[in-house]
Amino acid sequence: MKKIVLILFVGLLGFGLTAQENAAKINFKTETVDYGEIAKGSDGVRVFEFTNTGNAPLVISKVSSSCGCTIPKKPDAPILPGKTGEIQVKYDTNRVGPIAKAITVISNADTPTKVLKIKGKVLPAEGK
């Protein structure tokens, strides 16, 4: 009886390890985008590039920002293993002052939640 229980335990353990090997992995080129100092009203679109370094398709289910001044856009289709994708972020550059925002990415990757950051400073318009 002990041998049967041991064999079942080892079999289930082996199955669990095999299932974990087939996972998507998200690897960002950078997790922080620095806008630097930009002028009021300038282009606020930036891109976070990533690669699926796992061996299963990567599905990004949700991308949200820490405030309404930052609008992220996620890829619509799954990212296949070895392929790259991007998350586009648009900051409202009509808001003068420092930029320090977080973008939360939720996916089926082995690390299901990643927090990306944008930083910088929007300068006031010249002559005002």
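Structure: above.
Values in this document were obtained by computation on a predicted structure and should not be read as measured data.

Draft legend 1. Layout of the pairing of strand β8 (residues 113-123). Burial along β8 is one-sided: K114, L116, I118, G120 and V122 are buried, and none of T113, V115, K117, K119, K121 and L123, which face the opposite way, are. Two strands pair when backbone bridges link them, and strand β7 (residues 97-107) and β8 are joined in this way by 10 bridges, in the antiparallel orientation. Within β8, the residue paired with I103 across the bridge is L116.

Draft legend 2. Representation of the environment of I106 in the model. Among the secondary structure elements, I106 is positioned in strand β7. For the pair I106 and K62, spaced 44 residues apart in sequence, the C-alpha separation works out to 5.1 Å. Beyond its immediate sequence surroundings of up to four residues, I106 is in contact with V59, I60, S61, K62, P112 and T113.

Draft legend 3. Structural context of the nonpolar core. By size, the foremost hydrophobic cluster in this structure holds 23 residues, and its most contacted members are F28, F48, F50, L58, I60, I87 and I118. For this core, the secondary structure elements donating two or more residues are β1 (26-28), β2 (32-39), β3 (45-52), β4 (60-65), β6 (84-91), β7 and β8.

What counts, and where the lines are drawn
Residues numbered from 1 in each chain as written. Predicted model: local features only at pLDDT ≥ 70, side-chain atom pairs only at ≥ 80, totals over all residues. Heavy atoms only, no water. Buried < 20%, exposed > 50% of the residue type's maximum accessible area, 1.4 Å probe, protein only. Helix = DSSP H or I, 4+ residues; strand = E, 2+ residues; numbered from the N terminus. Pairing = 2+ DSSP bridges. Contact = heavy atoms within 4.5 Å. Core = buried A, V, L, I, M, F, W, Y, C linked by side-chain atoms within 4.5 Å.

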